[in-house]
Amino acid sequence: MKLSIQVNEGPYQHQCSDSAYNFTKAALEKGHEIFRVFFYHDGVNNGTRLASPPQDDRNVQQRWSDLAKEHEVDLVICVAAAQRRGIVDDGEAERNGKDATNIMDGFRISGLGQLIEAGIQSDRLVVFGG
Amino acid sequence: MSEIKNFLYVNRKAPYGTVYALESLEVVLIGAAFDQDVSLIFMDDGVFQIKKDQNTEASGLKNFSPTYNALGDYDVNKIYVEKESLEARGMTIDDLMPLTYEDEDDDWAEKSSIRMVSADEIRDLMEESDVVLSF
Amino acid sequence: MLHIVNKSPFERDAFTSCMAHAAADSTVLLIEDGVFAAMKGSTVADQLSKTKVVALQSDVAARGIEANLADGVEMVDYAGFVDLVTDNEKIQSWV
């Protein structure tokens, strides 16, 4: 089955991202297709590469990135939410005159239409939120 | 895109205290361009999103309540408000903004987008939807 | 229909609102702090009989409440969570 996931909370502050990650992993292991994981609200903070969590804890952002690489999962960060919170890729840095980028490998920034499209194209959309 | 799905936006959070209401509205506005069947529910603290007389001047926050008035122009005109949620908060429909749309099938007559529904009707709306986006 | 609740019923109204709106033949999955709604003898325990209620095992275990669960509450792992999502055509998260 074709599934999409929405992640509405940032890492560490809320369990939301852990739940979404565990669900996504389990769905892939069962042979389902993940059409897209869409990060919204503070969920966009899952896509920074500049976090340095303690070594004895999980690395939430890295874990998503690894999952994307291993299973070619489409990790999409909402551009409007990202602009508010300072998640920046090359295109955004240029457009908004920022002096740095911080997006994690495996994520891409795109519009809210990607969430609607995920709802249309997928058999199920599961919202993980706060 | 040929397939039309029923998109249901469930708004259960108050505005300003958290960002969910504002960013939910942004999804609705973008989603309106996709020619899907769209319904909005305001229930629980979500009914405060469409309270009339919102004034953010002294708080420095962005007042996004006028945007709800524009929903009719985006063909988003099925706005369901749960009666029980209003009553539990000491409000009636008169406490809400008069959200309207122009009905193209009725000589563009201006009509209310707000439909007062019971908890039982909310249950049916949820069961009938294809995609539930909760904020 | 599958309803997912992730809030403690003692802090937020998500569980109570969900139980007031869920059809009798739906399934309610408790995850994250939502699992506290399954505590035996709590002030919300009488609502558990309204629908089938399932709790996510890993979140129950993390909070140390497995022995406190009300009778009739089933547990699933993440694979079971995925099955609930694919078995139910409609899904609503009470975030």
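Student: A description of the sheet that holds strand β1 (residues 6-11) of chain B should follow, citing residues and the corresponding values.
Tutor: Residues and elements named next belong to chain B. Spatial ordering of the open sheet is given by β6-β3-β2-β1-β7, a layout of five strands whose pairing is parallel. Strands with a single pairing partner mark the edges of an open sheet, and in this sheet they are β6 (114-117) and β7 (131-134). The mean inter-strand angle of the sheet, taken between neighbouring strand axes irrespective of direction, is 25 degrees. Two strands pair when backbone bridges link them, and strand β2 (residues 37-42) and strand β3 (residues 79-82) are joined in this way by three bridges, in the parallel orientation. Bridge pairing in β3 links L40 to I79.

Student: Got a sec to walk through empty space enclosed by the protein? Specific residues and values, please.
Tutor: Scanning all chains against the criterion turns up one cavity of 30 Å³ or more. In this structure, the largest cavity encloses a volume near 50 Å³. Split by residue class, the lining of the largest cavity holds seven nonpolar, three polar and no charged.

Student: Residue-level account of the pattern of salt bridges, with values.
Tutor: Throughout the structure, instances matching the rule amount to 26 salt bridges over all chains. Its salt-bridge partner being D74(A), residue R108(A) comes within 2.7 Å of it at the nearest N-O pair. Taken as a pair, R108(A) in strand β4 (residues 107-110) and D74(A) in the loop between α2 (60-71) and β3 (75-78) lie far apart in primary sequence, 34 residues in all. According to the relative accessible area criterion, R108(A) is partly exposed, its value standing at 33%. The salt bridge involving D130(B) is made with K90(C); its shortest N-O contact spans 3.8 Å. Linking D130(B) in the loop between α4 (119-128) and β7 with K90(C) in the loop between α3 (78-87) and β5 (91-94), this pair reaches from one chain into another. Given the relative accessible area of 34%, D130(B) is considered partly exposed. Residue class for K90(C) comes out buried when judged on its relative accessible area of 15%. Salt bridges sharing partners connect three or more residues here, namely D42(A), R84(A), R85(A), E23(B) and E26(B).

Criteria and cut-off values
Residues numbered from 1 in each chain as written. Chains lettered and ligands numbered in written order. Predicted model: local features only at pLDDT ≥ 70, side-chain atom pairs only at ≥ 80, totals over all residues. Heavy atoms only, no water. Pairing = 2+ DSSP bridges. Helix = DSSP H or I, 4+ residues; strand = E, 2+ residues; numbered from the N terminus. Axes fitted to C-alpha atoms, helices over the stretch in contact; angles between N-to-C directions. 1 Å grid on protein atoms, 1.4 Å probe; cavity = no way out; pocket = protein on both sides within 12 Å on 5 of 7 lines; lining within 4 Å. Points joined across faces, edges and corners; volume = space filled by probe spheres on them. Nonpolar A, V, L, I, M, F, W, Y, C, P; charged D, E, K, R; others polar. Salt bridge = Lys/Arg side-chain N within 4 Å of Asp/Glu carboxyl O. Buried < 20%, exposed > 50% of the residue type's maximum accessible area, 1.4 Å probe, protein only.

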